[in-house]
Amino acid sequence: MVHHTISPSSNNAPSASSKITVMNRLFRFFCAACIVGMLASCAVRPTPQPAPLPPSVPTSPPDASMPPVVDPGDMLPLPAARQTARSRWVPVRWAELPGFEQDSLDEAWNAFIKSCERPGTTFARLCSEVRRLSLSTAEEQRLWLRARLQPYRVEPLGGPSAPGGDGLLTSYFEPVYDASRVARPGFGVPIYRVPPTLAQRKPWFTRQEMDLLPEARAQLAGQELVWLADPLDALILQIQGSGRVRVQEADGSQRMVRLAFAATNDQPYRSPGKWLIDQGLLRGDATWPGIRNVLLANPQRQQDFLWSNPRMVFFREEAMSPLDAQFGPRGAQGVPLTPGRSIAVDPQSIPYGTPVWMASQGPVANLQRLVLAQDTGSAIVGAVRADYFAGWGPEAGEFAGRMKQPLKLWVLWPR
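Calculation criteria
- Residues numbered from 1 in each chain as written.
- Predicted model: local features only at pLDDT ≥ 70, side-chain atom pairs only at ≥ 80, totals over all residues.
- Heavy atoms only, no water.
- Disulfide = S-S within 2.5 Å.
- Helix = DSSP H or I, 4+ residues; strand = E, 2+ residues; numbered from the N terminus.
- Buried < 20%, exposed > 50% of the residue type's maximum accessible area, 1.4 Å probe, protein only.
- pLDDT = per-residue confidence, 0-100.
- Contact = heavy atoms within 4.5 Å.
- Lys, Arg positive; Asp, Glu negative; His and termini not counted.
- Salt bridge = Lys/Arg side-chain N within 4 Å of Asp/Glu carboxyl O.
- Phe/Tyr/Trp six-rings, centres within 6.5 Å; stacked < 30°, edge-to-face > 60°.
- Lys NZ or Arg CZ within 6 Å of the ring centre and 35° of its normal.

### Some thoughts on the state of the cysteines
- Going through the model one piece at a time under the given rule, you end up with one disulfide.
- Note on cysteine connectivity: Cys116 is disulfide-linked to Cys127, with sulfurs 2.2 Å apart. Its S-S torsion of approximately -85° makes the covalent link between Cys116 and Cys127 left-handed. Of this pair, Cys116 sits in the loop between α2 (105-115) and α3 (121-124) while Cys127 sits in helix α4 (residues 127-132), and the two are 11 residues apart along the sequence.
- Accessibility expressed as a relative area gives 3% for Cys127, which makes it buried.

### Considerations on the confidence of the model for the chain
- Overall, the prediction assigns the chain a mean pLDDT of 85, with 82% of residues at 70 or greater.
- A low-confidence stretch, residues 1-23 (pLDDT under 50), is modelled with 48 contacts involving residues beyond four sequence positions or located in other chains.
- Confidence over residues 25-69 falls short of pLDDT 50; this stretch has 71 contacts with residues more than four positions distant or in other chains.

### Quick look at the side chain of Asp375
- Here Asp375 shows up in strand β14 (residues 366-375).
- For the buried Asp375, which has no salt bridge, the nearest side chain bearing the opposite charge is Arg316, at an N-O separation of 11 Å.
- Asp375 has contacts with Tyr172, Gly331, Ala332, Leu337, Ile343, Ala344, Val345 and Tyr352, leaving out every residue within four places of it along the chain.

### Topic: the pattern of salt bridges
- Summed over the entire model, instances satisfying the criterion amount to 23 salt bridges.
- Ionic pairing is found between Asp346 and Arg86, a salt bridge with its closest N-O pair at 2.7 Å. One end of the pair, Asp346, is in the loop between β12 (342-345) and β13 (355-361); the other, Arg86, is in the loop between β2 (82-83) and β3 (88-91), with 260 residues separating them in the sequence.
- On the basis of relative accessibility, which here comes to 2%, the residue Asp346 falls in the buried class.
- Ionic contacts of the salt-bridge type, sharing partners, join the residues Glu101, Glu139, Arg142 and Arg146 into one network.

### Brief notes about the packing of aromatic side chains
- Under the definition given, this model contains 12 aromatic pairs.
- Between Trp109 and Trp144 the ring centres are 5.9 Å apart and the planes differ by 80°, which places this aromatic pair in the edge-to-face class. Pair noted here: Trp109 is in helix α2 and Trp144 is in helix α5 (residues 138-148), with a separation of 35 residues, a long-range link.
- For Trp109, a relative accessible area of 1% gives the class buried.
- Here Trp144 falls in the buried class, since its relative accessible area comes to 3%.
- Ring centres 6.0 Å apart and planes at 50° place the aromatic pair Tyr388 and Phe399 in the tilted group. Highlighted residues: Tyr388 in strand β15 (residues 385-392) and Phe399 in helix α12 (residues 394-402), separated in sequence by 11 residues.
- The rings of Trp89, Phe123, Tyr152 and Trp413 are connected pair by pair, giving a single aromatic cluster.
- For the cation-ring pair, Arg201 lies above Phe205, with the distance from its terminal atom to the ring centre recorded as 3.8 Å.
- Taking the ring centre of Trp392 as reference, the NZ or CZ of Arg244 above it sits at 3.9 Å.

Next up, the structure:
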């Protein structure tokens, strides 16, 4: 499958008359709905006093060929700021979202519909409308967002100048490897299912203990799901948390399956790349291609490199239908991830299933787009922190391995 295009693309605008009709209809619908929406409970609590208007965020220059879009919400005062356990949400106008008029929202709508498979109470009441808009134009979807949702800028509890206020965007992906159902020459690296004794010992054995202690090895015997060819590939699979493998069965047949996250050994995660830097073996290029080159040049350090991260991930095997193959693994929200439109967040900052406007500019990509908060990870902690799901395969892996850029986030919350 071709990796999802990273940069946003433009949409053809509908005619002026149809646009005005849609805007009038949505405005009347918005006015009736806002009274009910004000009474609905939210997953975050308002702060006692409304926050002052924040300074405007620079936006892309308007397209002179398109008529101006009227935000129905501009006719209402901004609501109060909101607060979660790890973030503060400051209400803003839609004009402050950079690139909002240029995003191909129809690409994000599939992810929105996926979130509606397991919505929280706040978004459940909107899901019938979200589904009805699945075949609408991007402009109609944009008008619906403006009418039904309120954007809030996400910042740390201490304000934008507090630690973490600059934000950080990284990326993850689903690796694709060849594998064997049984150990054989060239395939000697096991990937394990959850061992039966995992719940009896907290934390369980470290990665090094699993390789060296007879007790640990005995408890892992017979728990091999598949065998990979390269121990670095196995480590990447464990760090990413899921992957696809082309398995050669014992009878010689092949099939593609997904290895999905099942559990960990409850040991802390430590970055193997940082270990290489601390050892003086890696300078600058702390990416998977750079790490692989260092290990090829220093094969005697490979085992210590692997043991530097005591955390081990165990997997379960899932069959992959043609439809399953079009999406990523299920994230923490419990829905399949959409390449380029799903992010992992800190759920104490942004609840699962929340639509989020994301803006990040740096050497890897310029991203201004609608995404859905559908996953989390042990390293994804803080108010303005996200991990961008890039897809699967080598191209996505190259992108994810290099992504580390500043980030701004705006949650889109029901009015």
